[in-house]
Amino acid sequence: MRIATYNVNGINGRLPVLLRWLEDARPDIVCLQELKASDDRFPEGPFRDLGYDAVWHGQKAWNGVAILSRAGTIHETRRGLPGDARDRQSRYLEAAIDGLLVATLYLPNGNPRPGPKFAYKMDWLARLDAHLAALVALDAPVVIAGDFNVMPTALDVYKPERWTEDALFVPEVRAAFAALVGQGWCDAVRHLHPGEPLYSFWNYWRGSFERDAGLRIDHLLLNPVATKRLAAAGVDRRPRGWAKTSDHAPVWIDLADRPARRGNRKRTAS
């Protein structure tokens, strides 16, 4: 089973790119972020035509997350991250699909820092930590996928010295991400590619993609049950080079039907 996460940066404006990629890559489950569309503007029909069930949590002009599945019916289990009833931003959606629990998230950017946006990011991370602590030990495989707006280490950012004051890379944000992983979650891409500078985001300006001056901010975290089934992981860079595309690229994992053999888990990133 292939599970992917993709920040589409506006689902209606980038719909041709997304549909092209879905037809070509045929992932089984897709976690989408930054829809920038209200619920009534979500383009469900084209996904149905490709054989995907869909659930979504939209917001006009901002945020928004969705899950697509051709692996089975989506049973939504949670809409919105718990811990703050006042938070109305559409950033978290969770569902059960074919024996898996899958969540898509769009973590706040946090810039400018310091300020209320950074405080919101740190509060959101604390709430996420509390929620994921209740999921990591489940007997079923759990996959938490999305745009975390965090570069965990210097290996995950081109020229890290330029990002030392940015809300995606400051020590307290990286420490919060490390605390999440420390619960027992596996950062799937880094687990299988421990020494490679793989990126999932490139700015539109200054030829960032062509120079590979990117960031790794899109992650898939697996609980121990899912980690035992991890067979491959990578970044599909192709859509980032297409016209009118997102500034992110899809990140994917393959889960075997049974625990994967240690000697056959790594695949070169696309």
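Presented here is a report on the structure given in the accompanying data block. On a predicted model such as this, the values are computed, not experimentally measured, just so you know.

Quick notes on the packing of aromatic side chains
Applying the stated criterion to the full structure yields five aromatic pairs. Here the aromatic rings of F42 and F47 are separated by 5.6 Å at their centres, their planes lie at 40 degrees, and the arrangement is tilted. Just as F42 is buried, F47 falls in that class too. Judged by centre distance (4.3 Å) and plane angle (10 degrees), the rings of F42 and W56 are stacked. One end of the pair, F42, is in the loop between β2 (29-33) and α2 (44-49); the other, W56, is in strand β3 (residues 53-57), with 14 residues separating them in the sequence. Take F42 and W56: they sit in the same class, and that class is buried. Through a chain of ring-to-ring contacts, the aromatic side chains of F42, F47 and W56 assemble into a single cluster. The cationic tip of R2 hangs over the ring face of W252; the distance from NZ or CZ to the ring centre is 3.8 Å. One Lys or Arg, R113, reaches over the ring of F118 and ends 5.5 Å from the middle of that ring.

Some details on the layout of surface pockets
Quantified by volume, the largest pocket comes out at close to 710 Å³. If you trace the largest pocket, you find 27 residues lining it, with E34, Y106, N109, G110 and N149 closest to the centre. Partitioned by chemical class, the residues of the lining of the largest pocket number nine nonpolar, 11 polar and seven charged. Each pocket or cavity is described by its volume, and for the second largest pocket that value is around 260 Å³. Along the wall of the second largest pocket there are 14 residues; nearest its centre are R162, W163, N203, S208 and R211. A class-by-class count of the residues in the lining of the second largest pocket yields seven nonpolar, three polar and four charged.

Observations regarding helix α1 (residues 15-25)
Three or more residues of α1 are buried, namely L15, V17, L18, L19, W21 and L22. Close packing links the buried residues of α1 with β1 (2-7), β2, α2 and β4 (65-69). A positive backbone phi angle near 55 degrees is found at R26, which sits one or two residues after α1.

Notes on the state of the cysteines
Per the counting criterion, the structure on display carries zero disulfides. Looking at C31, it has no disulfide partner, and the nearest cysteine sulfur is the one in C186, 16 Å off. A residue is classified by how much of its surface remains accessible, and C31, at 0% relative accessible area, is buried. Looking at C186, the relative accessible area reads 10%, which means it is buried.

Topic: the pattern of salt bridges
In the structure shown here, the tally under the stated rule is 17 salt bridges. Across the pair E34 and K36 runs a salt bridge whose closest N-O atoms are separated by 3.6 Å. Overall, the relative accessible area of 34% leaves K36 in the partly exposed class. Measuring nitrogen to oxygen at the nearest pair gives 2.8 Å for the salt bridge that ties D187 to R216. Of this pair, D187 sits in strand β9 (residues 186-187) while R216 sits in the loop between α6 (208-211) and β10 (218-222), and the two are 29 residues apart along the sequence. Judged by its relative accessible area of 11%, D187 falls in the buried class. By relative accessible area, R216 is classed as buried at 2%. Salt bridges sharing partners connect three or more residues here, namely D156, D187, R190 and R216.

What to know about the sheet that holds strand β12 (residues 251-255)
A sheet is described by the order of its strands in space; here six strands give the open sequence β3-β4-β2-β1-β12-β11, paired in mixed fashion. Sheet topology places β3 and β11 (230-235) at the edges, where each strand pairs with a single neighbour. Sheet twist, expressed as the average angle between the axes of neighbouring strands with direction ignored, equals 15 degrees. Pairing between β2 and β4: five bridges, direction antiparallel. Its bridge partner being in β4, L32 is matched across the sheet by A66. Of the strands in this sheet, β1, β2 and β4 touch α1, which is tilted by about 165 degrees from β1.

Some remarks on the side chain of H57
Relative to the elements of secondary structure, H57 occurs in strand β3. In this structure H57 touches L35, D39, G64, V65, R79, G80, Q89, S90, R91, Y92 and L93, once residues within four positions along its chain are discounted.

Overview of the pairing of strand β6 (residues 92-97)
Judged by how many residues are buried, β6 sits mostly within the fold: five of six residues are covered. Across four bridges, the pairing between strand β5 (residues 75-79) and β6 is antiparallel. When the bridges of β6 are listed, H75 appears paired with A96. Examined bridge by bridge, β6 and strand β7 (residues 100-106) share six bridges and lie antiparallel to one another. When the bridges of β7 are listed, A96 appears paired with L101.

Analysis parameters
Positions within a chain are numbered from 1, following the residues in the order the chain's sequence is written. Where local features are concerned, this predicted model is filtered to residues with pLDDT of at least 70; where side-chain atom pairs are given and counted, the filter is 80 or more; whole-chain, interface and lining totals use all residues. Side-chain measures here rest on the full set of heavy atoms in the structure, leaving out hydrogens and waters. Between the rings of Phe, Tyr and Trp (Trp by its six-membered ring), a pair exists once the centres lie within 6.5 Å; its type follows the angle of the planes, with under 30 degrees stacked, over 60 edge-to-face, and the other angles tilted. Here's how the labels work: a residue is buried when its accessible area is under 20% of the maximum for its type, exposed when over 50%, partly exposed in between, all with a 1.4 Å probe on protein chains only. Comment: elements are numbered from the N terminus, with helices defined as DSSP H or I runs of at least four residues and strands as E runs of at least two. For a lysine, the NZ atom is tested; for an arginine, the CZ atom; a charge sits over a ring if that atom is within 6 Å of the ring centre and within 35 degrees of the ring normal. Buriedness for pockets is judged along seven lines, at least five of which must meet protein on both sides within 12 Å for an open set on the 1 Å grid over protein atoms alone, while cavities are sets there where a 1.4 Å probe fits but cannot get out, and lining residues have an atom within 4 Å of a point. Grid points are joined across faces, edges and corners, and a volume is the space filled by probe spheres set on the points. Gly is placed with the polar residues, together with every amino acid not listed as nonpolar (Ala, Val, Leu, Ile, Met, Phe, Trp, Tyr, Cys and Pro) or charged (Asp, Glu, Lys and Arg). Here a residue-residue contact requires only that any non-hydrogen atoms of the pair lie within 4.5 Å. Note on terminology: disulfide denotes any pair of cysteine sulfur atoms within 2.5 Å. Think of a salt bridge as a Lys or Arg side-chain nitrogen and an Asp or Glu carboxyl oxygen that are within 4 Å of each other. Note on pairing: DSSP must find at least two bridges between two strands before they are called paired. Each axis is a line fitted through C-alpha atoms, and for a helix only the stretch in contact is used; angles between axes span 0 to 180 degrees, taken between their N-to-C directions.

Geometric descriptors of this kind do not, in isolation, establish any biological role.
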